[in-house]
Amino acid sequence: EPRSFCAGVERAIDIVDRALDRFGAPVYVRRQIVHNAHVVRRLTERGAVFVQELEEVPRGATTVLAAHGVSPAVRAEAEERALSVIDAMCPLVAKVHAEVRRHTGRGETVFLIGHSDHEEVEGTVGEAPADIVVVEDEAMARTVTAPDPARVSYAMQTTLAVDEAERIAAVLRGRFPAIATPRRDDICYATTNRQRAIRAVAADVDLVIVVGSPNSSNSRRLAEVAARSGVPAHLVDDVGEIDLGWLPGAGRIGVSAGASAPPELVDEVVSCLSGLGPVAVQVTTTGTEDVVFTLPKEVS
Ligand code: 0CG
Ligand code: SF4
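Presented here is a report on the structure given in the accompanying data block. (Residues numbered from 1 in each chain as written. Chains lettered and ligands numbered in written order. Predicted model: local features only at pLDDT ≥ 70, side-chain atom pairs only at ≥ 80, totals over all residues. Heavy atoms only, no water.)

### So, the pattern of salt bridges
Counted by the stated rule, this structure contains 20 salt bridges. Put simply, R31 and E119 hold a salt bridge, and the shortest N to O gap is 3.3 Å. Within this pair, whereas R31 is found in the loop between β1 (27–30) and α2 (37–46), its partner E119 is found in helix α5 (residues 119–125), the two being separated by 88 residues in sequence. Here R31 matches E119 in class, with each residue buried. The partner of R106 in a salt bridge is E108, with the nearest N and O atoms 2.9 Å apart. Taking the relative accessible area as the measure of exposure, E108 reaches 11% and is therefore buried. Here the residues in one salt-bridge network are R30, R31, E53, E119 and E122, joined through shared partners. (Salt bridge = Lys/Arg side-chain N within 4 Å of Asp/Glu carboxyl O. Helix = DSSP H or I, 4+ residues; strand = E, 2+ residues; numbered from the N terminus. Buried < 20%, exposed > 50% of the residue type's maximum accessible area, 1.4 Å probe, protein only.)

Structure (structure tokens):
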């Protein structure tokens with residue numbers, strides 16, 4: 001611990017549940033509300049309809065925008081289609097959007113450290129596509145350019161591996177001495193805390209199991225951080241994906257879960273392992289979390 005749901009995910013899921021309670025099915029949701037197959041399945045069963053693009057939504061329908069945030073172009077499209085929009089963008093993603101707007105607004109090029117094919121990055125880039133350059137890794141950081149190298153800044157996707165992102169940022173700071181740095185870390189508290197916790201555990205175990213879906217950035221980074229500590233680490237959607245071949249010789253197993261993975265899935269992993277023989281469970285807690293975000297007015 002900390003593991004599983006963060007405040008942004010709790011809020012996003014709550015928004016869809018409350019929209020279903022208040023307005024009835026169907027409630028349309030653009031993209032996966034959070035990147036977790038179990039969450040999406042449960043909400044689909046309740047009457048949420050997940051779509052890729054807003055053109056699939058009937059005019060005027062109630063539509064939730066996912067936690068990862070959207071570009072201004074998507075907001076404009078929602079308005080054109082007269083949709084009743086409820087925005088589930090995490091406030092910590094919104095903070096990065098605001099920061100990027102501030103920097104590009106004063107004529108800077110923003111290097112956005114992150115993965116270009118991720119929805120959060122697509123949304124953030126959409127704030128000023130001509131002035132934002134996505135930097136995916138250290139190799140890119142060594143070659144990117146800006147029209148005016150004296151007017152540059154950087155920002156980050158919220159769910160990166162802290163160590164990796166810092167190495168990329170260090171390359172940029174070395175190449176662009178005038179670079180403006182984020183006021184506060186863009187990598188969110190939940191991502192940071194889960195990585196710290198898994199690192200504390202990974203040093204003492206023979207195997208790490210992270211519960212999360214394969215398209216969840218923060219969950220994948222969690223497994224990678226564990227693997228960089230030198231322990232075999234696997235990302236599983238649920239207990240059904242555990243390969244018994246991983247277990248021989250694994251006397252101690254570290255278990256965690258990404259910010260979008262429901263906590264009961266971790267309990268299922270532990271109880272399944274308990275079925276294979278005597279198991280003692282030890283909880284390692286590297287910090288506590290008390291972040292809560294308020295709901296948008298449409299569902300509060
Ligand atoms: O970690 P990413 O950004 O892929 O998102 P996920 O839905 O897995 O969890 C946090 C949120 C939103
Ligand atoms: Fe917000 Fe961080 Fe959770 Fe993403 S992982 S929803 S940025 S708190």
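### Quick word on the sheet that holds strand β6 (residues 132–135)
Pairing between the strands of a sheet comes from backbone hydrogen bonds, and it takes one of two forms, parallel or antiparallel. Pairing within the open sheet is parallel, and its three strands lie in the order β6-β5-β7. Single-partner strands in this sheet number two, and they are β6 and β7 (152–156). Averaged over all pairs of adjacent strands, the angle between strand axes in this sheet comes to 25 degrees, irrespective of strand direction. Summarising the sheet, strand β5 (residues 109–113) and β7 pair through five bridges and their orientation is parallel. (Pairing = 2+ DSSP bridges. Axes fitted to C-alpha atoms, helices over the stretch in contact; angles between N-to-C directions.)

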